[in-house]
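If you want the building blocks of each chain, they are given just below.
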Amino acid sequence: SIKASKAIAEILGKGVAPELITLSSDGNVGLPIRDENQKCVGLYMERVLSLWDNVRAMIQDGIEPDLAISFASRYPAQRLGLYPAKGTISVGADADLLAFTNDWTLDRVYMKGRLGLSGGNPLVFSRFEPEMKRRVDLECSR
């Protein structure tokens, strides 16, 4: 497998237009953990921050921050028809904002202007968590 940050650098190097490249994540998806007998023994939750980990890796690999961030913000919003409410900082947009420390550590997240993460600690949790647990419980009971 290849990390998303490396794949994007590779396809940019081959001349693919940046606005055709998007990043997304399966963050907060609950996946069953199975033992050697395929019995469900727990739940693995994909980290939402895995998306940011890839953006930060691109910045560390030399891709300009504005461009790296656009792969996970502006370009997906444009492709999904959500731009300019999403994917930009402008008057009338949804006020979905990220704030970073000087070393690109994610410090704060605002969702529609509401603080959802502060000091790296979540303040808001997914409304789907109970449903995910129920599905995993069902899966593990099979």
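Above this text is the structure in question.
Note that the structure is a prediction, hence the values are computed from the model and not measured.

Caption draft 1: Looking closely at the overall build of the protein chain. Helices and strands together make up the secondary structure of the protein chain, namely 5 helices and 6 strands. Each helix (α) and strand (β) of the protein chain, taken in turn from the N terminus, gives the series α-β-β-α-α-α-β-β-β-β-α. Split into buried and exposed, the 142 residues of the protein chain put 18% on the buried side. Looking at the protein chain as shown, the accessible area adds up to about 9800 Å², and 54% of this sits on carbon and sulfur atoms.

Caption draft 2: Quick look at helix 2 (residues 49-60). Counted at 1.5 Å a residue, the expected span for helix 2 with its 12 residues is 16 Å, and the 16 Å between its end C-alpha atoms agrees. Within the sequence span of helix 2, burial applies to S50, W52, V55, A57, M58 and I59. Looking at the buried positions of helix 2, the neighbouring elements they touch are helix 1 (4-13), helix 3 (65-70), strand 3 (97-100) and strand 4 (106-111). Just past helix 2, the residue G62 takes up positive phi, approximately 105°.

Cut-offs applied
- All residue numbers refer to positions counted from 1 along the written sequence of the respective chain.
- Thresholds applied to this predicted model are a pLDDT of at least 70 for local features of residues and 80 or more for the giving and counting of side-chain atom pairs; totals over whole chains, interfaces and linings are not thresholded and use all residues.
- Derived side-chain values reflect all non-hydrogen atoms in the structure, with water molecules and hydrogen atoms excluded from consideration.
- Each helix is a run of DSSP H or I of at least 4 residues and each strand a run of E of at least 2, with the numbering of both proceeding from the N terminus.
- Residue burial is assigned from relative accessible area. The probe radius is 1.4 Å, only protein chains are included, and a residue is buried under 20% of its type maximum, exposed over 50%, and partly exposed in between.
- Working definition of accessibility: Shrake-Rupley area with a 1.4 Å probe, residue cover restricted to the visible protein chains.
- One less than the number of residues in a helix, times 1.5 Å, gives the span that helix is expected to have.
- Residues are treated as being in contact if the distance between any of their heavy atoms lies within 4.5 Å.

Read these as spatial facts, not as claims about activity.
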